[in-house]
Amino acid sequence: MNNETINMSEPATGTALLSKSNPVFCCYLFWSSLLILKMLLMSLLTARQRIKTKTFANPEDLRVAKTSDVRFNDPNVERVRRAHRNDLENVLPFLLMSLAYVACGPHPLTAKLLIRIGASARLLHTIVYAVLPLPQPTRALSFFITFGIVCFEAIYVLIAAVKYI
Amino acid sequence: MNNETINMSEPATGTALLSKSNPVFCCYLFWSSLLILKMLLMSLLTARQRIKTKTFANPEDLRVAKTSDVRFNDPNVERVRRAHRNDLENVLPFLLMSLAYVACGPHPLTAKLLIRIGASARLLHTIVYAVLPLPQPTRALSFFITFGIVCFEAIYVLIAAVKYI
Amino acid sequence: MNNETINMSEPATGTALLSKSNPVFCCYLFWSSLLILKMLLMSLLTARQRIKTKTFANPEDLRVAKTSDVRFNDPNVERVRRAHRNDLENVLPFLLMSLAYVACGPHPLTAKLLIRIGASARLLHTIVYAVLPLPQPTRALSFFITFGIVCFEAIYVLIAAVKYI
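Residues numbered from 1 in each chain as written. Chains lettered and ligands numbered in written order. Predicted model: local features only at pLDDT ≥ 70, side-chain atom pairs only at ≥ 80, totals over all residues. Heavy atoms only, no water.

1. Considerations on the overall build of chain A
Next up, step 1: In terms of helices and strands, chain A carries six helices and zero strands.
Next up, step 2: Start at the N end of chain A and walk to the C end: the helices and strands fall as α-α-α-α-α-α.
Next up, step 3: By residue count, 59% of the 165 residues in chain A fall in the buried class.
Next up, step 4: Only carbon and sulfur atoms are counted for the fraction: they give 68% of the accessible area of chain A, which is about 7100 Å². (Helix = DSSP H or I, 4+ residues; strand = E, 2+ residues; numbered from the N terminus. Buried < 20%, exposed > 50% of the residue type's maximum accessible area, 1.4 Å probe, protein only. Areas by Shrake-Rupley, 256 points an atom, 1.4 Å probe, with all protein chains shown as cover.)

Right under this line is the structure:
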């Protein structure tokens, strides 16, 4: 079934790779939405830590919080913020890279597997970093799974598009 | 007119959703360009604050500024940097999510409305955060409008693509 | 040869602009992969500086490093982190903006030139910021080349899509 769709949607021009008719692209849409939802959740986690520890960075936020000073460097807030920044540094490149990778028309099964594993590893990364800190190397491992997948995708695309350098 | 275009551009394959012939995609192009221009402007705002308060983070920048020490933590510089980081955390996910949403072929009027409101709210957010700090809840409100729209788009795409999980 | 491909892939609908059959898009794919690989490398550079200077921000990382305190604000680590953040603020908008620009069907030669120069300038920026700090204005120059290109692309797309505001 998948194979038929692919064969239909991948004529000589490859026009339909970034469209709903390509199951790999649909898989990408699903997992990228999940990752973006997760990234948004980091903002709420930060806000929860800010309210819990009364750590506000802007003077205009103090009135709401009934505290009298701006504060920085609360360790709980900073942990969530580091996790969030790590997302910016890794999830956004993963999303952009996977899109470029899907646009190159890779083998459907490989591509779907890479997207699923890469996205799941980032979900795990957030849990062991910001929600329930676990001893290393859990975080390093989940970090390097997605890291490796993005590298693989980048090298795949570099080779596929090298003549357009 | 819009409906005709959509009907024409959305045959069984949905090939043409990410193309100039889809008015929703054109609307996305317009507003995403505006948001990216605004994000670039944040760099200039930061530079202006750095020069005004002589707060430079790199030793090699000091010669240009005729000051003798690197400085950090100037409140004016930090405010613009927080606003900029907030953009990274929210505008980039908004742009990626809206692209995925448009690729799913949502109802054209709804989609255009969401893109317009989401982008406008971020423009407002920057003004009340970095240019003319206003008392809360102005900033919180403009933040949560875009936040809610990205959540809606993500859930829409998750449901539309759930069978490709 | 290029012109033929473009003419073939750009009928009235412009369907095929974001596809492998468009050489400009292929050029975009190549350079965006290179930039994303470079961004990932920043994580490794940060890790190298963290290990070299034993500056770890998370308590659970200490056991691995055989040090007893979390540390912040090491100047070598912070320099790489500033360079990385600068990438987030500029490379990601460059990638998203160039994608929108390619989707508008610009003149192929101009578009390819802008993508090549913009991406190369960011590669240079990283070298003179994080690897081999050079006196200004080398960094400022490489920064503003990409900055200007993104502005140009944004204004191009704004004008092309203005009637879909």
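2. Things to note about the interface of chain A and chain B
Next up, step 1: Taken together, the contact pairs 38 residues of chain A with 38 residues of chain B.
Next up, step 2: At the boundary of chain A with chain B, total buried surface from both sides reaches about 3200 Å², with 69% on carbon and sulfur atoms.
Next up, step 3: A per-residue breakdown of the area chain A buries against chain B is headed by K20, F30 and L40 of chain A, which together make up 20% of the total.
Next up, step 4: Between the two partners, chain A and chain B, sit zero salt bridges.
Next up, step 5: Across the chain A-chain B interface, the total number found is three residue pairs in polar contact (both at pLDDT 80 or more).
Next up, step 6: Listed by contribution, the elements that provide at least two residues to the side of chain A that touches chain B are α2 (23–53), α3 (62–65) and α4 (75–103) of chain A.
Next up, step 7: Looking at the side of chain A that touches chain B element by element, the count peaks at 15 residues for α2 of chain A. (Contact = heavy atoms within 4.5 Å. Buried area = accessible area lost by both parts, 1.4 Å probe. Salt bridge = Lys/Arg side-chain N within 4 Å of Asp/Glu carboxyl O. Polar contact = N/O pair within 3.5 Å; in protein donor to acceptor, adjacent residues only side chain to side chain.)

3. Describing the interface of chain A and chain C
Accessible area lost when the parts come together is the quantity often used to give the size of an interface.
Next up, step 1: With 39 residues of chain A in contact, the opposing surface of chain C contributes 38 residues.
Next up, step 2: Summed over the shared surface of chain A and chain C, the number is zero salt bridges.
Next up, step 3: At the boundary of chain A and chain C, one finds three residue pairs in polar contact (both at pLDDT 80 or more).
Next up, step 4: Of all the secondary structure elements, the ones that give two or more residues to the side of chain A that touches chain C are α4 and α6 (138–160) of chain A.
Next up, step 5: In terms of residue count, α4 of chain A provides more of the side of chain A that touches chain C than any other element does, 13 residues in total.
Next up, step 6: Counted by class, the side of chain A that touches chain C contains 27 nonpolar, six polar and six charged residues. (Nonpolar A, V, L, I, M, F, W, Y, C, P; charged D, E, K, R; others polar.)

4. What to know about the packing of α4 of chain A against helix α2 (residues 23–53) of chain C
Next up, step 1: Where α4 of chain A contacts α2 of chain C, the two axes come as close as 10 Å, and the packing angle between them is 150°. The pairing of α4 of chain A with α2 of chain C is recorded here as roughly antiparallel in orientation. The two elements α4 of chain A and α2 of chain C cross, and the hand of that crossing is left-handed. Touching N90, P93, L96, M97, A100 and A103 of chain A of α4 of chain A are F25, L29, S33, I36, M39, L40 and S43 of chain C, all from α2 of chain C.
Next up, step 2: Taken together, the residues that form the contact of α4 of chain A with α2 of chain C break down as 10 nonpolar, three polar and no charged. (Axes fitted to C-alpha atoms, helices over the stretch in contact; angles between N-to-C directions. Parallel < 35°, antiparallel > 145°, perpendicular 65-115°, else oblique. Left-handed = near helix turned anticlockwise from the far one by under 90°.)

5. Details of the relation of the copies chain A and chain B
Next up, step 1: Of the transformation superimposing chain A on chain B, the axial component is 0.0 Å and the angular component is 120°, with the fit at an RMSD of 0.0 Å. Both copies are brought into coincidence by an operation consistent with a three-fold rotation axis.
Next up, step 2: An asymmetric contact is evident, with only 18% of the interface residues of chain A recurring at the interface of chain B. (Least-squares fit on C-alpha atoms with pLDDT ≥ 70 in both.)

6. Considerations on the relation of the copies chain A and chain C
Next up, step 1: The transformation that overlays chain A on chain C combines an axial shift of 0.0 Å with a rotation of 120°, and the residual RMSD is 0.0 Å.
Next up, step 2: In this assembly, only 18% of the residues forming the interface of chain A have copies in chain C that are likewise at the interface, indicating a heterologous arrangement.

7. Some remarks on the pattern of salt bridges
Next up, step 1: Per the stated rule, a full pass over the model turns up 12 salt bridges over all chains.
Next up, step 2: For D87 of chain C, the salt bridge goes to R122 of chain C, with nearest N and O atoms at 2.9 Å. A residue pair is termed long-range when its members are at least 10 positions apart, and D87 of chain C in helix α4 (residues 75–103) and R122 of chain C in helix α5 (residues 108–131) qualify at 35 residues.
Next up, step 3: Taken together, the shared-partner salt bridges connect K38, D87 and R122 of chain A into one network.

8. Some words on the packing of helix α4 (residues 75–103) of chain B against α4 of chain C
Next up, step 1: Contact pair α4 of chain B / α4 of chain C: the axes reach a minimum separation of 11 Å and the direction vectors enclose 30°. If you check the angle between α4 of chain B and α4 of chain C, you find them roughly parallel. The handedness of the crossing between α4 of chain B and α4 of chain C comes out as left-handed. Of the residues in α4 of chain C, those in contact with R81, H84, R85, L88, L92, L95, L96 and L99 of chain B of α4 of chain B are R85, L88, E89, L92, L96 and L99 of chain C.
Next up, step 2: Taken together, the residues that form the contact of α4 of chain B with α4 of chain C break down as nine nonpolar, one polar and four charged.

9. Some words on the side chain of R50 of chain C
Next up, step 1: Turning to its location among the elements, R50 of chain C is positioned in helix α2.
Next up, step 2: Apart from residues no more than four positions distant in its own chain, R50 of chain C is found in contact with T55, F56, A57, V77 and R81 of chain C.

10. Remarks on the packing of aromatic side chains
Residue and element names in this part refer to chain A.
Next up, step 1: Within this structure, the stated rule accounts for 24 aromatic pairs over all chains.
Next up, step 2: When the centroid spacing of 5.1 Å and the interplanar angle of 80° are considered together, the rings of Y101 and Y156 count as edge-to-face. You can see Y101 sitting in helix α4 and its partner Y156 sitting in helix α6, a full 55 residues away along the chain.
Next up, step 3: Since its relative accessible area comes to 30%, Y156 is described here as partly exposed.
Next up, step 4: Every member of this aromatic cluster is reached through a ring pair, and the members are Y101, F152 and Y156.
Next up, step 5: One residue, R139, lies across the ring of Y129, its end atom 4.3 Å from the ring centre. (Phe/Tyr/Trp six-rings, centres within 6.5 Å; stacked < 30°, edge-to-face > 60°. Lys NZ or Arg CZ within 6 Å of the ring centre and 35° of its normal.)

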